[in-house]
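Residue-level listing of the chains:
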Amino acid sequence: LRPAATTRMQKISVLLFLVWVCFLFYAGIALFTSGFLLTRLELTNHSSCQEPPGPGPLPWRSQGEPGACWMASRFSRVVLVLIDALRFDFAQPQRSHVPGEPSVSLPFLGKLGSLQRILETQPHHARLYQSKADPPTTTMQRLKALTTGSLPTFIDAGSNFASYAIVEDNLIKQLTSAGRRVVFMGDDTWKDLFPGAFSQAFFFSSFNVRDLHTVDNGIMEHLYPTMDSGEWDVLIAHFLGVDHCGHKHGPHHPEMAKKLSQMDQVIQGIVERLENDTLLVVIGDHGMTKSGDHGGDSELEISAALFLYSPTALFLRAPPEEPEVVPQISLVPTLALLLGLPIPFGNIGEVMAELFSAVEDSQPHSSALAQATALYLNAQQVFRFLHTYSAAAQDLQVEEFHRLNNLFSKASADYLRLLQSPQGAEAALQTVITELQEFLRGVRAMCIESWARFSLVRMAGGAALLAAACFLCLLIAQWATSPGFHLRPLLLIPVAWGLAGVVVCAGLLATTELKLDPVVLGAMAAMGSVLHILWKAWAGWGSKRPLAALLPFPRPVLLLLLIRFAAFFSDSFVVAEARAIRFLLGSLILLLVAQLHWEGKLLPPKLLTIPRFSAQTGPSRHKGTHALGLGVGLLLCIRLAGLFHRCPEETPACHSSPWLSPLASMVGGRAKNLWYGACVGALVALLAAVRLWLRRYGNLKSPEPPVLFVRWGLPLMVLGTAAYWALSSGADEAPPRLRALVTGASVVLPRAVAGLAASGLLLLLWRPVTVLAKATMGAPRMRTVLTPFSGPPTSQADLDYVVPQIYRHMQEEIRGRLERTKSQGPLTVAAYQLGSVYSAAMVTALTLLAFPLLLLHAERISLVFLLLFLQSFLLLHLLAAGIPITTSGPFTVPWQAVSAWALMATQTFYSTGHQPVFPTIHWHAAFVGFPEGHGSSTWLPALLVGANTFASHLLFAVGCPLLLLWPFLCESQGSQKRRQPHGNEAEARVGPEEEEEEPLMEMRLRDAPHHFNVALLQLGLKYLFVLGIQILACALAASILRRHLMVWKVFAPKFIFEAMGFIVSSVGLFLGLALVMRVDGAVSSWFQQLVLAQQR
Amino acid sequence: MKNADIKRLLYTHLLCIFSIILSIFIPSFFLENFSILETHLMWLCICSVFVTAVNLVLYLVVKRYPNPKNISTVHTWGISYVCKWFYFLCLFRLSCNFVLYGAPLIELVLETFLFAVILSTFTTVPCLCLLGPNLKAWLRVFSRNGVTSVWENSLQITTISSFLGTWLGAFPIPLDWERPWQVWPISCTLGATFGYVAGLVISPLWIYWNRKQLTYKNN
């Protein structure tokens, strides 16, 4: 007997170790995310004309005038010329050369001559500013900022991921609700952001970065006719040529000069057509680096030009020598008030006070009062926003918030006092203006601090932690096979170090009086715990082992993993990952087959003429062609699964598969019925395959609960799913009197299926032993004896009767085989049973998991699920063909198996119709079983959508232990076949000597419990490593390429999906391993019972 | 014996490379607007014809293939007939493989087929010339310790490097450089050609370098 307590301890420590490694990864991901993905809550509140931003009456000069809202409007019309990537120095007037200095003639300097001319001739009508954009300097984020006046971050929590439409209050929304006609022409990003907001719009595709002219020429075709027609109040023209020229050629290219000159002519033309009530705004949404890229926060990227001009005089003073620097979002409140609109609710920009000085009565006092009024309205609005925001989210700093609160109350009190006594001193007005400005700037600074800054330290720390965790996985997976490997010290010491790390960090934070951040604390704990092991590895390394042992992969697998790693750094490959993954997986499979052939295992030796081959114990011819067939079948499966693909939006030429849509959207009745039949057929085939498999290895006739469930519960689930699909695909065609029934059924059926699956899983956890009984009974000749035995023996009589019989027959069988297969040893026999025990439980669990997940997908995805099971089955067989069977540990799962498994998980993610971008998430999954929606609860729909999105990750991670178990299963399958002819002989034997053969009862994996546990640990670590380098690559790509054009469109979503996938996979892996251990434990106790009964 | 063999191998390989180079330059004298990228399929055909011709001529001249002394004309025709079928079989298999591997099924059938033609020219034709339609020999050559002569060794190397080149050639396809050669199957055929040429260059050198370690059973 083995000491059960020790093995249990070992199992627990294996699981704990995995939890710790997962914790390292999570801490790394969290730390990186907190530095990279800045989040902000989106509020849907709106400002309105009737509702003033603060308590008290609307201030001075705003009542009674027509068209006045919060303030009287100064312009009735605006022309907004948005030149993408118009850097500040593109618009800057060219200085007269200082003699002696070499004259610089760069292609982009001084090309906007019309601006320069206007500034010189009409200094009171025009002004050039250097506007500072907030990072991320990508066009979509900038457009959001330029209309909402906020600081868009990558994830605006609460936003609708299904589309990019802006839900926050914005200028366009205010304009349309005020009845102004907004005409747009240019970049089609606006179409996504403001669907249906424009009275007239000319959109041009912004996709092709290499195309400099389509958008600009399109705009120019429509611009002047539209202006002349006069049917507009606000005209927005978004030119893309400069930006595309930057991306294609860089700013230092003659093409840029041409492009800028063209823009100059456009501006000239507009200026000639301006009327007195019209304001012209020329603005660049961001700048560009020396190489023409943008997205980051370098000086060149964030400095953009802002030019204002009006045919009527705007300014009191002439422009300063050096153009003033203003934040870009200042334009939002300024434009809103100038047009007589309410400032958008979420704006945190500060009005450009200079524009509000009343020019006509030119008294310094009244113009200062006008400025103060605009600022006061702005401050009231910002204050209102701040209060609403801080009530909804906690990410603002508390002390700073209080300080700003006090500042605002003081400033507003001062302002109101001034209003009471209008003849107040000039100085008092100036202090009020300064106070209000200080408040507004303080708010902006606070928001930037919490919303809009990459934290490079955190990003680097997170990436380092991820790398360390990967390295740790590799290291421990290596160590685990060495003899004297003990897990306990490896577990305890890191925990101690981690705790020390937390204490030190908390102490440091407490002494410096900073806020305790759980992310930082967790990261410190992870760092502390991993440092110890790394240090130990460093100390133990140098002398003993060569460095090459650090990379234990076979060379092709290393190459494959490297390619996979590198592919994350190219946006094209991330976009085309669905195809790339299929390619890599196909390569790996071909490689496996070729390797089998190369080693002479694929084909029988008699075909190979060299005599020494026949000396080896080669496999039979059957097995050889079998492996070839497996390879071809796998490729075929992958190819078929590839038919279900959704195209990324970056490749316009590609057409998504029409099979991804639900059946309800199909029109043709006949085709729909055929498809429905095919889907139900897939379900039935899946069920039949699983039952066939179980029947082959075990006996489905056993009356134990999980087996019963497999026999009766699974068909019920299939029935439920089929009925639900029938209802949901034909719900509209139902006759009216049945409608209530249909609605009721579409609520009940999915829940029933999910409930059945859950109860099945619980049954499986409760009595995994029955699987063993079933497996033990698998040999055909034992059926007659064992069928009467059901459930645990209830009485002593039962025990006395049944147990010895089981036992005797097992002995019998074992000895029978032993005598025939002397060369392989007795343990082989046991392995057959064992393998069947563990993997039967795994397969049952996977099937039970797959059905509810299947229900969350569109009907036709069931074919993909069938392919998924089929191809993982084929892959397992193919891998098993290449793995030599070790008789008594250490057991290992080769790297190519683990990598193929991980690749297949990703491949299935794509073939189930997913893409790692937010708009393609299958939102309808949230309504399966909840057709009326969820009310206020958010976690349940999130869970459903998450389960839909990461179904393949979950299934493959749970099924990961099969990689370890399958070779044993295959081997026994072979031996079983050979044995069958002799079956009749064995039945004749009777064997009484139980005591002697007791150790033979141990099965191969169970025979070496230490090796078994270590192998499970190693498998887990290897899988985590393969997933870990993916997430590490994503993190590195996102941080290195944070200035890349595609960072927010490709890399950041990829990182998020990969991180979520990793978390789901690691949880699934943990569950799978725990299930195997649970089965193992149950088997042990079953054996103990048996032995005790025997001894009695 | 061995050194002489290696020398002969080198010369034949140089001839093969020369034929590929010729296939690039000669057609431009006869055809207008000929270039590898724009009239790619044309080049594919010409290149495979050239390489096949050179291989056949070499086979007839050098006659490395173990030929029984008294071989009748009928027998020769028979063999060539079998060879032809074998070739088409390989062609078909390769096409299927590409389709399984992710090549489009229905669109671009001609491209895929011609790609299979050129790849089988690089791999199957030399095999046929050297080994004949003999499946056992083929399987033997492409397994560990299976080669029995310098020629088979070089066959192994060139075939593997052609396939490797094809495999590598598939990588630039998804990139957004928008070059004309980033289209299926141009990059793959170019990869295959480069791989084949590299194999032709490398194999004699490699064999020469490792001639001490290499021991062939039958030599």
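Quantities reported herein were computed from a predicted structural model and do not represent experimental measurements.

Visitor: Got a minute to help me understand the overall build of chain B in this structure?
Guide: Of regular secondary structure, chain B possesses eight helices and zero strands. Listed N to C, the secondary structure of chain B is α-α-α-α-α-α-α-α in terms of helices and strands. Here chain B holds 219 residues, and the buried ones make up 49% of them. Nonlocal contacts in chain B, meaning residues at least 24 apart in sequence, comprise 71% of its contacts between residues at least 6 apart. Summing over all exposed atoms, chain B offers an accessible surface of approximately 11,900 Å²; the carbon and sulfur share of this is 71%.

Visitor: Got a minute to help me understand the pairing of strand S7 (residues 234-239) of chain A in this structure?
Guide: Here is the key point about a regular strand: its side chains alternate between the two faces of the sheet. Residue and element names in this part refer to chain A. Among the six residues of S7, six are classified as buried, and the element is accordingly described as predominantly covered. The side-chain alternation of S7 yields two buried faces, one formed by Val234, Ile236 and His238 and the other by Leu235, Ala237 and Phe239. The sheet contact formed by strand S2 (residues 77-83) and S7 spans six bridges and is parallel. For Leu80, the partnering residue across the bridge sits in S7 and is Ile236. Both strand S5 (residues 182-187) and S7 contribute to a ladder of five bridges, which runs parallel. Of the residues in S7, the one forming a bridge with Val183 is Leu235.

Visitor: Hey, could you run me through the pairing of strand S3 (residues 126-132) of chain A in this one?
Guide: Residues and elements named next belong to chain A. Most of S3 is tucked away, with seven of its seven residues classed as buried. The side-chain alternation of S3 yields two buried faces, one formed by Ala126, Leu128, Gln130 and Lys132 and the other by Arg127, Tyr129 and Ser131. As judged from the seven bridges shared by S3 and strand S9 (residues 303-309), these two strands associate in the antiparallel manner. Bridge pairing in S9 places Leu128 opposite Phe307. Pairing geometry for S3 and strand S10 (residues 325-327), over three bridges, is parallel. Residue pairing in the sheet places Gln130 in a bridge with Val325 of S10.

Visitor: Looking at this structure, how should I read the UniProt feature "transmembrane region" (unreviewed entry) in chain B?
Guide: Residue and element names in this part refer to chain B. Following the UniProt record, the feature "transmembrane region" (unreviewed entry) maps to residues 9-29, 41-62, 85-106, 112-132, 153-171 and 183-209 here. Secondary structure over residues 9-29 splits into 95% helix and 0% strand, and the C-alpha atoms at its two ends are 31 Å apart. Each end of residues 183-209 is marked by a C-alpha atom, and these two atoms are 38 Å apart; helix forms 89% of the span and strand 0%.

Visitor: Where do I start with a nonpolar patch on the surface in this structure?
Guide: Residue and element names in this part refer to chain B. Taken together, the side chains of Ile21, Phe25, Phe29, Phe30, Leu31 and Met42 present a nonpolar region at the surface, about 680 Å² in accessible area. Counting through the fold element by element, Leu31 comes out in the loop between helix H2 (27-30) and helix H3 (40-62). Given a relative accessible area of 32%, Leu31 falls into the partly exposed group.

Visitor: Explanation requested: the packing of aromatic side chains in the structure shown.
Guide: The geometry of two aromatic rings is summed up by the distance between their centres and the angle between their planes. Residues and elements named next belong to chain A. Evaluation of the coordinates by the stated rule reveals 36 aromatic pairs over all chains. Ring geometry for Tyr838 and Phe1012: centres 5.3 Å apart, planes at 45°, overall tilted. Here Tyr838 is found in helix H29 (residues 827-856), whereas its partner Phe1012 is found in helix H37 (residues 1009-1040), with 174 residues between them in sequence. Given the relative accessible area of 1%, Phe1012 is considered buried. Clustering of aromatic rings is evident, with ring pairs tying together Phe184, Trp190, Phe194, Phe198 and Phe203. Positioned above the aromatic ring of Tyr224, the side-chain terminus of Arg273 is 4.1 Å from the ring centre.

Visitor: When you look at the sheet that holds S5(A) in this model, what are you seeing that I'm missing?
Guide: By way of backbone hydrogen bonds, the strands of a sheet pair with one another, either parallel or antiparallel. All names here are of chain A. Strand order across the open sheet formed by eight strands is S6-S5-S7-S2-S8-S9-S3-S10, with mixed pairing between neighbours. Where the open sheet ends on each side, the last strands, each with one partner, are strand S6 (200-204) and S10. In this sheet, adjacent strand axes meet at a mean angle of 20° when their direction is disregarded. On top of the sheet, helix H7 (residues 214-229) reaches S2, S5, S6 and S7; it is set at about 160° to S7, its chief contact.

Visitor: Just to check I follow, could you spell out the packing of helix H31 (residues 895-911) of chain A against H37(A) for this structure?
Guide: For any two helices packed against each other, one specifies the inter-axial angle together with the distance between the axes. Residue and element names in this part refer to chain A. One can describe the packing of H31 onto H37 by two numbers: an axis separation of 10 Å at closest approach and a directional angle of 50°. In terms of orientation, H31 and H37 fall into the oblique class. The way H31 lies across H37 gives a crossing that is right-handed. Side by side, H31 and H37 meet where Trp895, Val898, Ser899, Trp901, Ala902, Ala905 and Thr906 of the first sit next to Leu1019, Lys1022, Tyr1023, Phe1025, Val1026, Leu1027 and Gln1030 of the second.

How each quantity is defined
- Residues numbered from 1 in each chain as written.
- Chains lettered and ligands numbered in written order.
- Predicted model: local features only at pLDDT ≥ 70, side-chain atom pairs only at ≥ 80, totals over all residues.
- Heavy atoms only, no water.
- Helix = DSSP H or I, 4+ residues; strand = E, 2+ residues; numbered from the N terminus.
- Buried < 20%, exposed > 50% of the residue type's maximum accessible area, 1.4 Å probe, protein only.
- Contact = heavy atoms within 4.5 Å.
- Areas by Shrake-Rupley, 256 points an atom, 1.4 Å probe, with all protein chains shown as cover.
- Pairing = 2+ DSSP bridges.
- UniProt positions renumbered as here; feature names shortened; annotations may be inferred.
- Patch = residues over 30% accessible without salt bridge, like charges linked within 9 Å, V, L, I, M, F, W, Y side chains within 5 Å.
- Salt bridge = Lys/Arg side-chain N within 4 Å of Asp/Glu carboxyl O.
- Phe/Tyr/Trp six-rings, centres within 6.5 Å; stacked < 30°, edge-to-face > 60°.
- Lys NZ or Arg CZ within 6 Å of the ring centre and 35° of its normal.
- Axes fitted to C-alpha atoms, helices over the stretch in contact; angles between N-to-C directions.
- Parallel < 35°, antiparallel > 145°, perpendicular 65-115°, else oblique.
- Left-handed = near helix turned anticlockwise from the far one by under 90°.

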